[in-house]
Structure formats: structure tokens, C-alpha cells
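Per-entry structural report
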Amino acid sequence: MNYEELLTKMALEDERFIVMTAENRALVRNMPKTLGSRFIDTGITEQTMVGMAAGLASRGRIPVIHALAPFLTMRAYEFIRTDVGIANLPVKLSGFIPGFLSDGNGPTHQAIEDVAIMRGIPGMEVYAPADEDDLVKMLPDVWLSPSPAYVRINHKPSSYTHAPYVPGKAETISEGKDITILVYGFLFENALKAKELLEKEGLSVGLINLRSLKPIDEEAIIKAVLNSELIVTVEDHFLTGGLYSILAELLLSKKLTANVLPLSLQDKWFKPALLNHVLEYEGFTPEKIAAKIKNQLQSTSIK
Amino acid sequence: MTEEKLQSLQELSLKVREHIIAMSATGGCFIGASLSCVELMTYLYSEFLDLEPETLKDPNRNYLFLSKGHDVPAMYGTLAELGFIDKARLDNHLLTNDSIYWHPNRNIPGVEFHSGSLGHLPAVAAGIALDCKLKNQDNHIVVITGDGELNEGSVWETLLVANAYNLNNLTILVDRNQFQANIRTEELIPLESLDDKFAAFGCNVKRINGHDFNALEEVFTSLPYGKNVNVVIADTVRGKGLPSIEARADRWFCSFTKDEASQLLNELHGTAKALLESETLIVR
């Protein structure tokens with residue numbers, strides 16, 4: 001089952017669902033036919049779509065709203081914060097092409113601060129599925145929860161069969177004494193391959209697919225911090241406000257510390273190009289991730 | 001317009017369309033929206049803007065802003081043909097060794113401001129127009145917007161403010177190709193009567209065929225039209241020049257193979273029939 005099939009099924013079974021888009025139909029192409037008047041395309045008007053969704057939600061609807069991630073989260077940010085956030089309404093935001101998935105579009109289309117700003121809204125949940133399998137496993141819970149939620153939509157074909165989704169919980173793929181890699185979203189597959197490369201060199205490598213960034217699975221992270229020599233955060237997001245920040249906030253609150261290697265975008269937008277070129281250029285191929293981790297491990301062991 | 005000038009603009013436009021087709025075969029581009037504004041772009045650069053590669057930073061220059069960023073291949077094709085950038089750079093489309101990607105950016109000489117998020121550049125241009133007025137300059141600022149882009153409220157906020165400041169050195173040129181991304185504007189969020197909407201916001205409005213160089217000359221040589229923002233609605237055809245693409249909702253973003261692109265080139269030059277349906281074509 002893909003994103004559109006799942007949303008269609010749930011919306012047909014439950015009258016509360018309203019599917020909206022600010023003229024981005026890539027994910028919901030067939031829904032005007034199947035859903036009729038409960039499909040609403042507001043045109044290129046992100047703010048108005050969010051405001052209308054808040055109005056609909058205030059009358060008991062569950063609006064699932066679609067736009068490109070940067071325009072949904074940033075163009076309409078104050079509407080999300082004020083109309084959805086302050087009222088704490090169950091508006092479900094589906095942001096398309098987040099992170100590296102905007103490949104050759106350029107900085108205007110790069111949502112690489114979306115985790116930081118969306119998790120800053122009280123009550124807002126933030127999800128980042130690893131691939132399509134992970135996406136469809138989490139969405140029923142995400143959409144039926146009474147909270148507002150932002151999903152970094154990633155419907156990349158799955159090469160890994162994920163465990164069933166447990167609300168607010170991460171998926172621990174493996175535990176490792178030397179290293180634990182914390183990852184979310186599209187980079188999961190490359191982190192998984194990097195883990196395999198490191199294991200071939202005899203290292204004990206843990207991997208955690210976080211799935212939910214808010215709420216965050218504190219237990220899984222702290223367990224990894226206590227058991228591994230090195231923690232690596234992997235994300236197609238700015239260093240500021242993303243997973244590295246979430247980890248730092250968590251460690252400080254527990255009076256813990258750790259050796260941490262953050263693999264993030266460091267205060268600059270990424271080079272626009274076709275996706276495989278972007279990953280190579282920015283250093284997020286499995287080989288480059290593994291090499292950076294190995295270097296870090298060697299330099300910390302010398303101390 | 002003299003016959004000679006007209007012919008030279010038509011030849012330039014044909015070359016620009018060749019560049020657009022080439023870019024659609026190296027990772028793809030927003031081909032429909034690029035083809036609709038070719039005449040707007042070639043006319044402005046050749047006849048109106050009076051820009052030279054050496055004077056691109058002159059504060060008294062005329063400014064062109066491309067707010068509908070999807071059509072940047074038309075701009076890059078024009079800039080390359082007129083010597084602002086090396087034609088060879090267009091081969092770097094979507095590679096990490098250059099900055100030729102799906103939206104405009106200031107790493108390319110001639111690009112005044114980046115765009116891609118719709119409804120931004122009317123406001124940026126209004127800021128520049130305001131400063132030019134404050135400094136008593138007699139230059140002119142043109143912003144090309146899409147018609148789907150007019151959904152964004154920021155466009156209309158800008159008109160309210162720009163007219164409050166009587167910015168008649170600012171012209172909004174609407175590429176009225178009748179399409180949003182994949183849907184006709186009038187089927188989704190109707191815009192007509194668009195002339196009346198702009199006029200109701202206090203603008204002075206003219207409407208022309210956007211593929212007609214004589215009409216473009218007429219409206220751009222008679223600026224300003226009054227004391228407020230000038231609006232030119234240019235009626236165009238999305239995909240203009242390629243019958244297999246013209247006015248098709250499913251030809252917004254296309255990534256063609258090299259073979260398909262050479263067929264499109266033949267179609268452009270009228271030496272082959274329209275490209276048939278393609279199984280390899282990637283559309284969005």
C-alpha cells in the first residue's frame with residue numbers, strides 16, 4: 001500500500017478526513033475522483049490552506065494538508081503556529097520533498113530547517129519516516145492522534161522491512177558497543193549501508209531509526225549513549241535545531257555527556273543537483289558516512 | 001518594428017527554445033513554462049533593458065526580475081545567446097560543478113535575485129523601485145510573474161503598497177499561459193477578469209499577445225501608463241513552439257531522453273511531426 005492508497009482508504013472509512021493541497025498533487029493525484037467534495041485544492045495559497053484547515057478542524061474534521069515542505073512549513077509558519085498550534089487542532093501536515101529530496105531545485109525549495117521550526121510549536125508532533133514502508137506503518141497512528149502533526153514525507157521505495165510502528169518509539173535496528181548511528185528519514189538507507197561497511201571492518205555498530213522526532217524516544221537514545229563509545233547523528237537538516245540539538249538537549253537534561261559526531265548541513269544550503277550528485281558532493285553516500293565515522297573513532301581512541 | 005529587427009528576434013527566440021529543449025534532456029526542466037515566455041525574455045533583453053555584461057552592476061540600470069522561477073531555462077538561454085554567460089555552461093545543468101539548476105540564482109550573471117518560492121519578487125522589486133524613485137532615477141523595473149503565481153496573496157499585498165507609493169517605474173509582466181502546474185487556472189482558482197482585478201487594485205493595465213514582438217514593443221515603449229504600477233498581461237501558450245507540448249496539463253516538468261530531445265528539435269524546426277507519446281518520459 002502506498003501513501004495515496006492509505007489516505008484514500010482511511011478517508012473513505014472516516015467522514016472526518018478532508019484532504020487538502022496548495023496545488024501540489026504529486027501525492028494525491030487520484031483523490032479528486034475518489035473523494036469528491038472532501039478533496040480541496042486551494043491553489044498556490046499555503047497560508048490560506050492552513051487557515052482553512054484550522055477552521056475545518058475546529059468543527060471536528062481531520063484535515064490532511066499537502067504542499068512542498070519548505071512552503072508548507074515556512075510560508076505558512078505563522079498560520080500553523082497561530083491557527084493550528086495555539087488552538088491545538090488535529091491538522092496533519094504532509095510536507096513533500098523535504099531535505100535532500102528537493103535535489104536540483106535550489107535553496108528556495110530546501111526544507112532543512114523544518115524539524116527545528118516545527119518542533120518549536122507547543123503540541124506539534126514531528127515525524128520523519130525512513131521510506132514508504134515506514135511511512136505507511138506510522139501514518140494511521142499519526143493521523144488518528146488528536147494532536148497537530150508534521151510529517152516529512154518520504155515515499156522512497158523500501159529496501160528494508162520495518163518493525164510495526166509504536167507511537168513515539170524509535171526502531172532499534174541493532175545495538176553496538178563501538179558506535180550507534182541515530183538517523184531519521186531519507187538517509188536511513190545510506191546509514192544502514194554505512195553500518196554494514198563498518199561491520200565488515202569488525203566494528204560493533206548500532207543503528208536507530210528514530211521515526212518520531214517529537215516526541216523523541218528518550219529511552220532508546222540514552223541506552224545507546226550509555227552502551228556505545230561514539231554516537232553519530234545523521235540528518236539532511238541544518239545542525240541547528242535538528243537531531244543533534246535534540247540529542248544535546250536530552251543529554252544535558254539528564255546530566256550526561258557523550259562523544260558525538262554530527263553529520264548534518266553546517267550553516268549552509270546544499271549544492272543543488274541531481275540527488276545522487278548531491279549525496280556525493282555533500283558527503284552522505286554510505287562510503288563517505290562510514291569513512292567519517294571511522295576517522296572520528298580513530299581520533300577519539302588516540303585520546 | 002522593422003522587418004530586420006523582427007527577424008533577428010525570431011531567430012534568437014528559436015535558439016533560446018533549442019537551449020530549453022537541451023536542458024529538458026539533462027535531468028529535466030519546467031519546459032512548458034519556459035517555452036511560453038521566450039518572446040517576453042528575448043524582447044526585453046534585446047530591445048528594452050539596455051543591459052551589457054559590463055554594466056550589470058550599474059545602479060542606474062533597468063532591472064528584470066524572474067519571479068516565476070520555473071522558466072529559468074528561457075532566461076539562461078537568452079543570457080547565453082547574448083553573451084552574458086558562456087554557452088558551454090548550460091551543459092553543466094544540474095551538475096555540482098556549476099549553479100545551473102531548476103531555479104534562478106545570483107551565481108549567474110544577469111540574475112538580479114533568486115526565486116523559486118512564488119510571490120516574492122514583486123515585493124523585492126518594489127523595494128528597488130522605491131529606492132530608484134527616492135534617488136530620482138529614470139530607470140525601469142520589470143517583474144515577470146506566472147499566472148498561477150497570482151494565487152499567492154503576497155502579490156496583491158505588494159500592489160496595494162506599491163500603488164500607495166505610486167511606483168510607476170515598476171511593471172508587472174504576467175506570463176498568462178493559462179496553467180498552474182498541472183491544471184488550467186480557470187478550472188482551479190479562476191483569475192478572470194484579470195485586467196479588472198489589477199485595475200481594481202489601482203494599476204494601469206494593458207493586455208497583449210505575448211508572442212507578438214510588435215505588441216511587446218508597443219506596450220514597452222509607452223511606459224509609464226499612469227502614476228501607479230504598470231501591468232502587462234501577456235497572453236501566451238504554455239509549451240509554445242512544440243505542438244506536442246503546447247497547452248498540455250501534463251507537460252509541466254519533463255525529463256526527456258537525448259533521442260526524444262533530438263525529435264523535439266526537429267519538431268521545433270518543422271522538419272518532423274509532433275513527438276509521439278513516450279514511455280520513458282518522466283513528468284511531474
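Remember, it's a predicted structure, so these values are computed and weren't measured experimentally.

**Concerning the overall build of chain A**
Scanning chain A from terminus to terminus reveals twelve helices and twelve strands. Against the globule reference of 19 Å for 303 residues, chain A gives a C-alpha radius of gyration of 19 Å, in line with a compact fold. The buried share of chain A, taken over its 303 residues, is 61%. Intrachain contacts of chain A at a sequence separation of at least 6 include 77% that bridge at least 24 residues. Of the roughly 11,800 Å² that chain A leaves accessible, carbon and sulfur atoms contribute 54%.

**Quick look at the packing of aromatic side chains**
Applying the stated criterion across every chain yields a total of 15 aromatic pairs over all chains. Aromatic rings pair up to connect F30(B), W102(B), W252(B) and F253(B) into one cluster. Sitting above the plane of the F284(A) ring, K292(A) keeps its charged end 5.5 Å from the centroid. Positioned over the ring face of Y225(B) is K206(B), at 4.3 Å from the centre of the ring.

**Quick word on the sheet that holds strand 5 (residues 125-127) of chain A**
Residues and elements named next belong to chain A. One open sheet accounts for seven strands, arranged 2-1-3-4-6-5-10; its pairing is mixed. Of all strands in the sheet, those bounded by a partner on one side alone are strand 2 (39-41) and strand 10 (212-214). Averaged over all adjacent pairs, the angle separating strand axes in this sheet is 20 degrees, with direction ignored. Of the strand pairs in this sheet, strand 1 (residues 17-21) and strand 2 are connected by three bridges, and their pairing is parallel.

**Describing the interface of chain A and chain B**
Contacts between chain A and chain B engage 25 residues on the former and 29 residues on the latter. Interface area for chain A against chain B, summed over the two sides, is near 2,100 Å², with a carbon-plus-sulfur share of 55%. Contact with chain B buries area across many residues of chain A, yet E23(A), I44(A) and R75(A) alone supply 28% of it, more than any other trio. Our count for the chain A to chain B interface comes out at one salt bridge. A salt bridge links E152(B) to R75(A); the shortest N-O distance between them is 3.5 Å.

**Considering helix 6 (residues 153-164) of chain B**
Helix length check: helix 6 of chain B, at twelve residues, gives a terminal C-alpha distance of 17 Å against a target of 16 Å (1.5 Å per residue), a fit within 8%. Regarding helix 6 of chain B, the residues found buried are S154(B), V155(B), W156(B), T158(B), L159(B), A162(B) and N163(B). Taken together, the buried residues of helix 6 of chain B touch helix 4 (69-75) of chain A together with helix 5 (121-134), strand 3 (170-176) and helix 8 (194-200) of chain B. Within two residues after helix 6 of chain B, N166(B) carries a phi angle of roughly 50 degrees, on the positive side.

**Things to note about the sheet that holds strand 5 (residues 230-235) of chain B**
Residue and element names in this part refer to chain B. With parallel pairing, five strands are arranged side by side in an open sheet as 1-2-3-5-4. Both edges of this open sheet fall to strand 1 (63-66) and strand 4 (204-209), since each of them pairs with a single strand only. Along the sheet, successive strands turn relative to each other by an average axial angle of 20 degrees, direction set aside. Across the sheet, helix 3 (residues 38-48) lies against strand 1, strand 2 (141-146), strand 3 and strand 5, angled at about 175 degrees from strand 2, the strand it touches most. In this fold helix 5 packs onto strand 1, strand 2 and strand 3, with an angle of close to 170 degrees to the strand it touches most, strand 2.

Basis of the calculations
- Residues numbered from 1 in each chain as written.
- Chains lettered and ligands numbered in written order.
- Predicted model: local features only at pLDDT ≥ 70, side-chain atom pairs only at ≥ 80, totals over all residues.
- Heavy atoms only, no water.
- Helix = DSSP H or I, 4+ residues; strand = E, 2+ residues; numbered from the N terminus.
- Rg over C-alpha atoms; globule rule 2.2 N^0.38 Å.
- Buried < 20%, exposed > 50% of the residue type's maximum accessible area, 1.4 Å probe, protein only.
- Contact = heavy atoms within 4.5 Å.
- Areas by Shrake-Rupley, 256 points an atom, 1.4 Å probe, with all protein chains shown as cover.
- Phe/Tyr/Trp six-rings, centres within 6.5 Å; stacked < 30°, edge-to-face > 60°.
- Lys NZ or Arg CZ within 6 Å of the ring centre and 35° of its normal.
- Pairing = 2+ DSSP bridges.
- Axes fitted to C-alpha atoms, helices over the stretch in contact; angles between N-to-C directions.
- Buried area = accessible area lost by both parts, 1.4 Å probe.
- Salt bridge = Lys/Arg side-chain N within 4 Å of Asp/Glu carboxyl O.
- Expected span 1.5 Å × (residues − 1).

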